[in-house]
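# What the coordinates show
Chain by chain, the residues run as shown.
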Amino acid sequence: MKAAAFDYIRPETLGAAITLLSKHGPDAKLIAGGQSLLPALNLRLSAPGLLIDIGRLAELRDITLADRTLHIGAGCTHAHVMNHPIVQRHAPLIARALTEVAHPAIRARGTFGGSLANADPAAELPACALALDAVMHAQGPEGPRRIPAAHFFTSLFETALAPDEVLTGVDIPIQGDTQWGFAELARRTGDYAMVGLAAVARPGTIRLGWFSVGQTAILAHRAAAILTEGGPLEAACTALADDLPAHDDPQASAAMRLHLARVLLRRVVGAWGER
Amino acid sequence: MKFSNPARPDAQIGLARARPQARALVQGRGTFASDITVPRMVHAAFLRSPYAHATITAIDLAQARTMPGVVAVLDGAAMADLCTPWVGVLTHLKGLKSAPQHPLAVGRVRWQGEPVAMVLANTRAQAEDAAEHIMVSYDPLPPVVDAAAALAPGAPIIHPELGDNLAFERHIDTGNTDAAFAAADHIIEADFTFGRHTGVTLEARAVVADWNEGEQRLTVHQGTQVPHMMQTIYALHLGLDESQVRVICPDVGGSFGIKIHVYPDEMAAVAASRLLRRPVRFAADRLESFVSDIHARDHTVHARLAVMNDGTITGFDIDDLTGIGPYSAYPRTSAVEANQVINLIGGPYRFAHYRARTRVAFQNKAMMSQYRAVGHPIATSVTEGLLDRAAQRLGIDPVTIRRRNLIPDDAYPCTSPSGMRFEALSHHACLDRLLTLMDYDGLRAEQASLRERGIMRGIGIASFIEITNPGAAFYGVGGARISAQDGATIRLDATGRLIVQASVTEQGQGTTTILAQIAAEAMGVAFEHIRVMLGDTDITPYGGGTWASRAAGIGGEATWQAARALRDQILTLAASILQETPTNLDISGGAVIDHASRAERITLAELARIAYFRPDTLPKGIQAELIATRHYVPREYPFAFTNGIQAAWLELDTETGFITLLKHWVVEDCGTIINPLLVDEQIRGGVVQGIGAALFEQCDYDSEGQMLNASMADYLVPMAGEMPDIIIGHVTTPTAESTIGAKGAGEAGTAAAAAAVANAVNDALSPRGITIDTIPLTPARILAALATYADGVGRG
Ligand SMILES: Cc1cc2nc3c(=O)[nH]c(=O)nc-3n(C[C@H](O)[C@H](O)[C@H](O)COP(=O)(O)OP(=O)(O)OC[C@H]3O[C@@H](n4cnc5c(N)ncnc54)[C@H](O)[C@@H]3O)c2cc1C
């Protein structure tokens, strides 16, 4: 299928992009790497009148480390983030997770911010953002604001971003993670997973970010609390029944998905040492 | 001619040559049908039925006609004067029935995806925009989705005029099956289920149809395997003389049998070109391909095997059921797969008692018909699945039971209980080769030691036979105008190079390359000096094209014969110029040479120069004839059967139900190997498609007849990341029916890969006492069989 006709603008600055976005309202849509948006347009699931291309804005492409905070610009491609030495060193979870995001051609175009803003419940990065307790940087006509990851993914393909806001980047606190782990079950390399887990242990807290388990990526609070308190892994596995919504899809029933989630939890946290 | 002797002069047959055409393709210089642009061309887009079964109560085209760029909007009624309907039956498939099928639905829709209306516009995007404004009112009818339900009493009847939903039924009963089962020490029984899947070609179907009102001629550029068949079809249904129709196949991006059928959307596009007197392009997109390309398999088989304590099998009793969608495909029908299933079951083995029934039901799903290895994967999976179950019951090794029952290599020629005639097969030699290649005993030892550590690995073996090189037996005898023979013309040009024009076709498998190899060796010239032209009904000899693994064996032999004929003509001419007797001359290295001394006498270039530019210097009465044509079809056997054996080695994760394929082996016997590189790649590609069927591919339909996973995101084609290394070995038993001795190799990989994988999974599961009879073997199916987790929210 072919996309319905649309107009296209590539503003030179972030400010211009935001102005355009607020001027055209819901008829306009940002395009970054296009790796989720273009399929949606070609399937005619979405037919915006105007595309505002932020894919070449240099201001969105920094990766920096300062004050024990890693900042990743929203416009960095998956490939750039995955291969960046600072990311590999300080947020190895992200580098690891990105190896399972799609295929090299798609990672060369798809962006870090695009994946988070798209909020696909099966995507890896939202769960990583939750597990890493990341903070989203948004900017709109009213100026910048910060949104904790835990409040960012509101429902299926929906985020806390206002319609006229752009996600500009993400802060990841670097707190000397004691442990991290990542695992997903996908039928084929690069596929969206049937279920997946991004887990981070920091002094005093363990966070378990899950994807492909429901309407959004979510944190499993009860299971994490048991593990944080040094409780048995099996108790955490049991608690997943309350943490994770019952989610059926053609690949896995809710019961099978819960079972697989428990397998992943045992494999990821089990590898951290005796429990 | 001994093609096994590598020291023979001008040897080409047997060389692993890469395809020279690949250079253009990887540089993006291929020309596919959808690359062709003709002045004044319009683009077609189709509105397809959202219902599996419904009455059309009204169609309103008015608003769509006003949309920008729209040239015409047509529905079924508009097609009535342009194109006659067709019925997919053949007389030798006795009792097969089907209903007239139209380019665009008339009155009723019978599958989700059936074309209902067509927009022709200046761009495809405009055509799609306008299609959204066609208003169709439907009255939904109860859909008949499941094949068994379609045959149940009281089922809604898809074509009321046919009386019921049974398209075809056939029985085989040879020997005394009841007595064999009564006397059997063991009866093995299983119900096999095979998912419905489809052949996902890299290039979707495409036609560019150009009716030239001035010339009164239709030219269709089409991604097809069968240009002459399509020429006949267009002439017949558009009311033209065949001489008014030219079909050209440019590059074709994969076919697998998808591109040998008549599709309503393509017929509509071609008919529209005549109406509009303008070229029309229809290039299916991937989404519409999933619901409009033919699907395949979708069988359930109740199977019984009679076996004695010593492992001897004595009889098979088979009941096969398949659903084919609402019509039998035209012109090859949709009964061939079912027919093959019961023809081929038990094929590699010696047994006497065989009873089989197959039933083919209409249903409200996409149409089903021939796809790579038609029927073979079903027959092989049933046969090999039963053998493994028998071995397990008897406590003997899967290799032992096969050795005991495979037809001995010295027993040929012979005939199977279903009437298949085998010229010469090599099951035991292939089995021996396989066991060495895979180090069977070593692998079993490794499996046992890993099992002690809780690692579940499985080995699966599957022998197979494959139908190749069909003559008229498939279609011609049933009344279809589908050529069973093929032809080749070869011509010496003025610089001593050669041009081959042949009626078999190329879809990426390397037909062009092997024909050049054959012609080069037959002539005694360099491979690089042969140019091959295929796929144009105006310029090639008449023939059937490429399907059923016949291009190499039939088209290759025609090319050999043509080249040998031209060689004789050249020697006659050379002899008259050189005042020599032809038998003292030979051709080698692009020159006429002295037969005894091998000394060069005259180059072909010089000979051509004289023939074309200085015929005045030739002896009186000599006219140079530097072109020759030959045609070929095997006459002794209806099919050249090939054989082989495959093995799979895999690991099962019992916690997740995921399977990791570790290695796959194939030993096969396609007779003379013209190009080992291309044969091996054909086999690998075929294995990958078989693995797709075993683990990944399935057209998921809901109870309303809606295909749920009709996109590349949801329909899982096998991909490189999951594929194992595929090791290939060969045994060579040339067919004595032709000079080159080549049989087909295109479908061998697909025939048995799923059987080998399923047997390996069941072997891995054997310590748990579980077998699974359904493919694809998804994690959900495996976990369900293992009862790994409770079906609630308790502890996993
Ligand atoms: C075949 C295939 C396989 C894939 N597999 C996976 C996978 O396994 N895992 C996975 O996670 N992803 C996968 N993806 C999606 C891929 O990761 C996308 O790149 C990503 O989801 C979106 O990033 P993008 O830059 O391409 O965004 P776009 O497609 O350009 O935009 C996506 C959405 O986000 C909005 N948006 C983009 N940037 C911003 C911003 N800075 N601020 C606010 N809104 C913004 C857009 O308006 C749009 O609504 C796959 C894609 C394909 C085509």
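Residues numbered from 1 in each chain as written. Chains lettered and ligands numbered in written order. Predicted model: local features only at pLDDT ≥ 70, side-chain atom pairs only at ≥ 80, totals over all residues. Heavy atoms only, no water.

## Observations regarding the overall build of chain A
Inclusion rule: Each helix is a run of H or I in the DSSP string that is no shorter than four residues. Each strand is a run of E no shorter than two, and both are numbered from the N terminus. Partly exposed residues are those whose accessible area sits between 20% and 50% of the maximum for their type, while under 20% is buried and over 50% is exposed, using a 1.4 Å probe and protein chains only. It only takes one pair of heavy atoms within 4.5 Å for two residues to be counted as in contact. For the area figures, the Shrake-Rupley method with a 1.4 Å probe applies, and any residue is considered shielded solely by the protein chains shown.
If you tally the helices and strands in chain A, you get 11 helices and 14 strands. In terms of overall dimensions, chain A has a C-alpha envelope of 55 × 45 × 30 Å along the principal axes. In chain A, which comprises 275 residues, the share counted as buried stands at 55%. Considering only contacts in chain A between residues 6 or more positions apart, those separated by 24 or more positions represent 60%. Element-wise, carbon and sulfur atoms account for 53% of the exposed surface of chain A, whose accessible area totals about 11,600 Å².

## Overview of the packing of helix α18 (residues 676-696) of chain B against helix α19 (residues 748-765) of chain B
All names here are of chain B. The following threshold applies: Working convention: axes come from line fits to C-alpha atoms, limited for helices to the stretch in contact. Angles between N-to-C directions cover 0 to 180 degrees. In what follows, roughly perpendicular refers to angles from 65 to 115 degrees, roughly parallel to angles under 35, roughly antiparallel to angles over 145, and oblique to any angle outside these ranges. Put simply, a crossing is left-handed when the front helix is turned counterclockwise from the back one by less than a right angle, and right-handed when it is turned clockwise. Each residue is assigned to one of three groups, with Ala, Val, Leu, Ile, Met, Phe, Trp, Tyr, Cys and Pro labelled nonpolar, Asp, Glu, Lys and Arg labelled charged, and all others, Gly among them, labelled polar.
Remark: α18 packs on α19, axes separated minimally by 7 Å, with the N-to-C direction vectors making an angle of 40 degrees. By the angle between their directions, the pair α18 and α19 is classed as oblique. Judged by the twist between their axes, the crossing of α18 over α19 is right-handed. Where α18 abuts α19, its residues Ile683, Gly686, Val687, Gln689, Gly690, Ile691, Ala694 and Leu695 lie against Gly749, Thr750, Ala753, Ala754 and Val757. A class-by-class count of the residues in the contact of α18 with α19 yields eight nonpolar, five polar and no charged.

## Considerations on the interface of chain A and chain B
Rules: Summed over both partners, the accessible area (1.4 Å probe) lost when two parts come together is defined as the buried area. For this document, the term salt bridge refers to a Lys or Arg side-chain nitrogen within 4 Å of an Asp or Glu carboxyl oxygen.
Contacts between chain A and chain B engage 26 residues on the former and 34 residues on the latter. Here chain A packs against chain B, burying approximately 2,500 Å² in sum over the two surfaces, 56% of which is carbon and sulfur. There are five salt bridges connecting chain A and chain B. Of the charged contacts, one joins A:Arg267 and B:Asp653 as a salt bridge, the two residues approaching to 2.9 Å between their closest N and O atoms. Secondary structure elements with two or more residues in the side of chain A that touches chain B: α10 (233-243) and α11 (254-270) of chain A. The biggest single contributor to the side of chain A that touches chain B is α11(A), with nine residues. Classifying every residue of the side of chain A that touches chain B gives 12 nonpolar, five polar and nine charged.

## Comments concerning the state of the cysteines
Residues and elements named next belong to chain A. Counted only if it meets this: The disulfide criterion is simple: two cysteine sulfur atoms within 2.5 Å.
Counting across every chain of the model gives zero disulfides over all chains. Distance from the sulfur of cysteine 76, which forms no disulfide, to the nearest cysteine sulfur (cysteine 128) is 16 Å. Residue classification places cysteine 76 among the buried residues on the basis of a relative accessible area of 0%.

## Some thoughts on the domain arrangement of chain B
All names here are of chain B. For clarity, the cut-off: An automatic or database domain assignment provides the domain bounds reported here. Nitrogen and oxygen atoms within 3.5 Å of one another constitute a polar contact, given that in protein one can donate a hydrogen and the other can accept it, and given that sequence-neighbouring residues count only through two side-chain atoms.
Its domain assignment divides chain B into domain 1 (22-30 + 485-632), domain 2 (33-141 + 204-252 + 258-292) and domain 3 (372-458 + 640-790). Between the C-alpha centres of domain 1 and domain 2 the distance comes to 40 Å. Contact residues are listed per partner, giving 18 residues for domain 1 and 18 residues for domain 2. One can count three salt bridges joining domain 1 with domain 2. Across the contact surface, domain 1 and domain 2 share eight residue pairs in polar contact (both at pLDDT 80 or more). For the side of domain 1 that touches domain 2, the residue count by class is four nonpolar, 11 polar and three charged.

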